[in-house]
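Analysis of the macromolecular model
Residues per chain are reported as follows:
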Amino acid sequence: QVQLVESGGGLVQAGGSLRLSCAASGRTFSSYAMGWFRQAPGKEREFVAAISWSGGSTYYADSVKGRFTISRDNAKNTVYLQMNSLKPEDTAIYYCAAKPGPVVKTHYEYDYWGQGTQVTVSS
């Protein structure tokens, strides 16, 4: 069992930056692939970024590539999402998720989810 708690969301102007954190409980965190997803009002949940258990492989949605960076610190049981050059269209609730085994981009393959943190980007 893994419990996930996100933090770091907030209100920021377009062009600004935020750093999201996702703290995980459980001794097996280092064996889990981690993902960040987001959901805007009236839209489906969409993939943002993912990272393998070792941190050696990372994947990004085209819409955030070059602006967002996912990373993890297995010693701290934490995964991060550094978001730069934020745009109003990045406004959404951001969720982190965990799954054992290989990293994937599809949300339905993730077993554990956090409660989400709101990110609002004003124009």
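Residues numbered from 1 in each chain as written. Predicted model: local features only at pLDDT ≥ 70, side-chain atom pairs only at ≥ 80, totals over all residues. Heavy atoms only, no water.

**A word on the sheet that holds strand E3 (residues 18-24)**
Strands sit in the order E1-E3-E8-E7 across an open sheet of four strands; the sheet is antiparallel. Only two strands of the sheet have a single neighbouring strand rather than two, namely strand E1 (4-7) and strand E7 (68-73). With strand direction ignored, the average angle separating the axes of adjacent strands in the sheet is 15°. Pairing of E3 with strand E8 (residues 78-83) involves six bridges; the strand directions are antiparallel. Opposite Leu-18, over in E8, you have Met-83 as the bridge partner. (Pairing = 2+ DSSP bridges. Helix = DSSP H or I, 4+ residues; strand = E, 2+ residues; numbered from the N terminus. Axes fitted to C-alpha atoms, helices over the stretch in contact; angles between N-to-C directions.)

**Thoughts on unusual backbone geometry**
A positive phi angle, near 55°, is found at Asn-77, a position not held by glycine. By the element assignment, Asn-77 lies in the loop between E7 and E8.

**Focus: the state of the cysteines**
When the sulfur atoms of two cysteines share a covalent bond, that bond is a disulfide. Taken as a whole and judged by the stated rule, the model has one disulfide. Here Cys-22 pairs with Cys-96 through a disulfide, and the sulfurs are 1.9 Å apart. Here Cys-22 and Cys-96 share a disulfide; its torsion about the S-S bond, 45°, makes the bridge right-handed. A residue pair is termed long-range when its members are at least 10 positions apart, and Cys-22 in strand E3 and Cys-96 in strand E9 (residues 92-100) qualify at 74 residues. Considered together, Cys-22 and Cys-96 belong to a single accessibility category, that of buried residues. (Disulfide = S-S within 2.5 Å. Buried < 20%, exposed > 50% of the residue type's maximum accessible area, 1.4 Å probe, protein only.)

**Regarding the nonpolar core**
Residues Leu-4, Met-34, Trp-36, Leu-81, Met-83 and Tyr-94 are the most contacted members of the largest nonpolar core, which totals 39 residues. Those elements that place two or more of their residues in this core are E3, strand E4 (32-39), strand E5 (46-51), E7, E8, E9 and strand E11 (117-122). Among residues more than four places away in sequence, those in contact with Leu-4 are Cys-22, Ala-23, Ala-24, Met-34, Cys-96, Ala-97, Ala-98, Tyr-112, Trp-113, Gly-114 and Gln-115. (Core = buried A, V, L, I, M, F, W, Y, C linked by side-chain atoms within 4.5 Å. Contact = heavy atoms within 4.5 Å.)

**Some points on the pairing of E5**
Most of E5 is tucked away: five of the six residues are buried. As judged from the five bridges shared by E4 and E5, these two strands associate in the antiparallel manner. If you follow Phe-37 over to E5, its bridge partner there is Phe-47. Here E4 folds back onto E5, and the loop between the two strands holds six residues, one of which, Gly-42, carries a positive phi near 75°. Connecting the antiparallel pair E5 and strand E6 (residues 58-60) is a turn made up of six residues, with Gly-55 showing a positive phi of about 85°.

**As for the environment of Met-34**
In this fold, Met-34 is placed in strand E4. Overall, the relative accessible area of 0% leaves Met-34 in the buried class. Taking the C-alpha atoms as reference, Met-34 lies 8.6 Å from Arg-72; in sequence the two are 38 residues apart. Apart from the residues lying within four places of it in its own chain, the contact partners of Met-34 are Leu-4, Cys-22, Phe-29, Ala-49, Ala-50, Ile-51, Ile-70, Arg-72, Val-79, Ala-97, Ala-98 and Tyr-110.

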